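Residues per chain are reported as follows:
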Amino acid sequence: QVQLIESGGGLVQAGGSLRLSCAASGRSFSTYTMGWFRQAPGKEREFVLAMSRSGGSYYADSVKGRFAISRDNDKNTVSLQMNSLKPEDTAVYYCAAGGLDDPYYARSPRGYGYWGQGTQVTVSS
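Quick caveat, the model's predicted, so the values are computed rather than measured. Residue positions are given per chain, counted from 1 along the sequence in the order it is written. In keeping with the predicted nature of the model, local features appear solely for residues at pLDDT of at least 70, side-chain atom pairs appear and are counted solely at 80 or more, and the whole-chain, interface and lining totals rest on all residues. Just so you know, side-chain values use all the structure's heavy atoms and leave hydrogens and water out.

Novice: Could you give an account of the overall build of the chain, naming the residues involved and the relevant values?
Specialist: Along its length, the chain carries one helix and 11 strands. Helix numbering and strand numbering both begin at the N terminus, where a helix is a DSSP run of H or I of at least 4 residues and a strand a DSSP run of E of at least 2. From first element to last, N terminus to C terminus, the chain shows the α and β order β-β-β-β-β-β-β-β-β-α-β-β. By the compact-globule yardstick of 14 Å for 125 residues, the chain fits well, its C-alpha radius of gyration being 13 Å. Projected onto the principal axes, the alpha-carbon positions of the chain cover approximately 40 × 25 × 25 Å. With a 1.4 Å probe rolled over the protein chains alone, any residue whose accessible area is under 20% of its type maximum counts as buried; one over 50% counts as exposed, and the rest are partly exposed. Here the chain, with 125 residues, has 42% of them falling under the buried criterion. By definition, residues are in contact when any of their heavy atoms lie within 4.5 Å. For the chain, contacts bridging at least 24 residues in sequence account for 59% of all contacts bridging at least 6. Put simply, the chain has 13 plus and 10 minus side-chain charges, and the middle of one group is 1 Å from the middle of the other. For this measure, only C-alpha atoms enter the radius of gyration; the expected value for a globule follows 2.2 Å times N^0.38, where N is the number of residues. In this count, Lys and Arg are taken as positive residues and Asp and Glu as negative ones, while His and the chain termini are left out. A single reference atom marks each charge: NZ on Lys, CZ on Arg, CG on Asp, CD on Glu.

Novice: Tell me about the nonpolar core, and name the residues and values.
Specialist: Here, the term nonpolar core denotes a set of buried Ala, Val, Leu, Ile, Met, Phe, Trp, Tyr and Cys residues that are joined through side-chain atoms within 4.5 Å. In this structure, Leu 4, Met 34, Trp 36, Phe 67, Leu 80, Met 82 and Tyr 93 are the most contacted members of the largest nonpolar core, which totals 35 residues. Broken down by secondary-structure element, the contributors of at least two residues to this core are strand E3 (18–25), strand E4 (33–39), strand E5 (46–51), strand E7 (67–72), strand E8 (77–82), strand E9 (91–98) and strand E11 (119–124). Look past the residues within four positions of Leu 4 in its chain and what remains in contact with it is Cys 22, Ala 23, Ala 24, Met 34, Cys 95, Ala 96, Ala 97, Tyr 114, Trp 115, Gly 116 and Gln 117.

Novice: Tell me what's going on with the environment of Asp 102, and back it up with residues and numbers.
Specialist: Of note, Asp 102 is situated in the loop between E9 and helix H1 (103–106). Expressed as a C-alpha distance, the spacing of Asp 102 and Arg 53, which sit 49 residues apart in the sequence, is 9.8 Å. A polar atom in the side chain of Asp 102 sits 3.0 Å from the backbone nitrogen of Tyr 105. Polar contacts here mean pairs of N or O atoms no more than 3.5 Å apart (in protein, one a potential hydrogen donor and the other a potential acceptor; neighbouring residues in sequence count only if both atoms are side-chain atoms).

Novice: Break down the side chain of Arg 71 for me, with residues and values.
Specialist: Mapped onto the fold, Arg 71 is located in strand E7. Every case where a carboxyl oxygen of Asp or Glu lies within 4 Å of a side-chain nitrogen of Lys or Arg is listed as a salt bridge. Among buried charged residues, Arg 71 stands out as having no salt bridge; its nearest opposite-charge side chain is Asp 101, 8.2 Å away. Here the side chain of Arg 71 touches Phe 29 through a polar contact of 3.0 Å, landing on its backbone oxygen. Side-chain polar atoms of Arg 71 contact the backbone oxygen of Tyr 32, separated by 2.8 Å. Setting aside its immediate chain neighbours within four residues, Arg 71 contacts Phe 29, Ser 30, Tyr 32, Thr 33, Met 34, Met 51, Ser 52, Arg 53, Thr 77 and Val 78.

Novice: Quick rundown of the pattern of salt bridges? Include the residues and the values.
Specialist: Tallied over the entire structure, the rule returns five salt bridges. Note that Asp 101 is salt-bridged to Arg 53, the shortest N-O span being 3.9 Å. On the criterion of sequence distance, the pair formed by Asp 101 in the loop between E9 and H1 and Arg 53 in the loop between E5 and strand E6 (57–59) is long-range, its members being 48 residues apart. Salt bridges sharing partners connect three or more residues here, namely Arg 38, Glu 46, Arg 66 and Asp 89.

Novice: Lay out the packing of aromatic side chains in plain terms, naming residues and giving numbers.
Specialist: In summary, the pairing rule links any two rings of Phe, Tyr or Trp, Trp by its six-membered ring, whose centres are within 6.5 Å, and it sorts them by plane angle into stacked for under 30 degrees, edge-to-face for over 60 and tilted for everything else. With the rule as written, the count across this model stands at six aromatic pairs. With a centroid separation of 5.0 Å and an interplanar angle of 85°, the aromatic rings of Tyr 104 and Tyr 105 are classed as edge-to-face. Cluster of aromatic residues (ring-pair linked, three or more members): Phe 37, Phe 47, Tyr 112 and Trp 115. Whether a charge sits over a ring depends on NZ of Lys or CZ of Arg being within 6 Å of the ring centre and within 35 degrees of the ring normal. Stacked on the ring of Trp 115, the Lys or Arg Arg 45 has its end atom at 4.8 Å from the ring centre.

Novice: Provide a residue-level description of the environment of Tyr 32, including the pertinent values.
Specialist: Mapped onto the secondary structure, Tyr 32 falls in the loop between E3 and E4. Classification of Tyr 32 by relative accessible area gives buried; the value is 14%. Along the backbone, Tyr 32 and Ala 96 are 64 residues apart, and their C-alpha atoms lie at a distance of 9.4 Å. Other than its neighbours up to four places away in sequence, Tyr 32 contacts Val 2, Arg 27, Met 51, Ser 52, Arg 53, Arg 71, Ala 97, Gly 98, Gly 99 and Tyr 114.

Novice: Pulling in residues and values, what's your account of a nonpolar patch on the surface?
Specialist: Here a patch means residues that are over 30% exposed by relative accessible area and free of salt bridges, tied together within 9 Å if like-charged and within 5 Å if nonpolar (Val, Leu, Ile, Met, Phe, Trp, Tyr). Where accessible areas are quoted, they stem from the Shrake-Rupley method and a 1.4 Å probe; at the residue level, only the protein chains shown are allowed to cover. Together, Leu 100, Tyr 104 and Tyr 105 give the surface a local cluster of nonpolar side chains, amounting to about 300 Å² of exposed area. Tracing the backbone through its elements, the reader meets Leu 100 in the loop between E9 and H1. For Leu 100, a relative accessible area of 42% corresponds to the partly exposed category.

Right, dumping it as structure tokens:
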């Protein structure tokens, strides 16, 4: 079992930055692929970024060059640094943990068995 708790969401103006953190409880954190997804009102949950247990990173095209993911296996945390935020980045952001080390499943909600409760990010224009 893995429990995930996100923090760091909030309201920011367009062009600003936010850093989200996700703290994981349970053992074997380093063996999980860790991902970030987001869901805007009326839309499906979409992939943002992920980092596999082997260190590979995967990005959605919409956030390349603006967002970055990092993980600290000693502290059982994964972070999402968001720069140059746009109003269309407004969503609830979810941290997720998955047991597969696979590029396809890293980008799909189906590749994750554990989810946090989500944290709201609102970008004003």
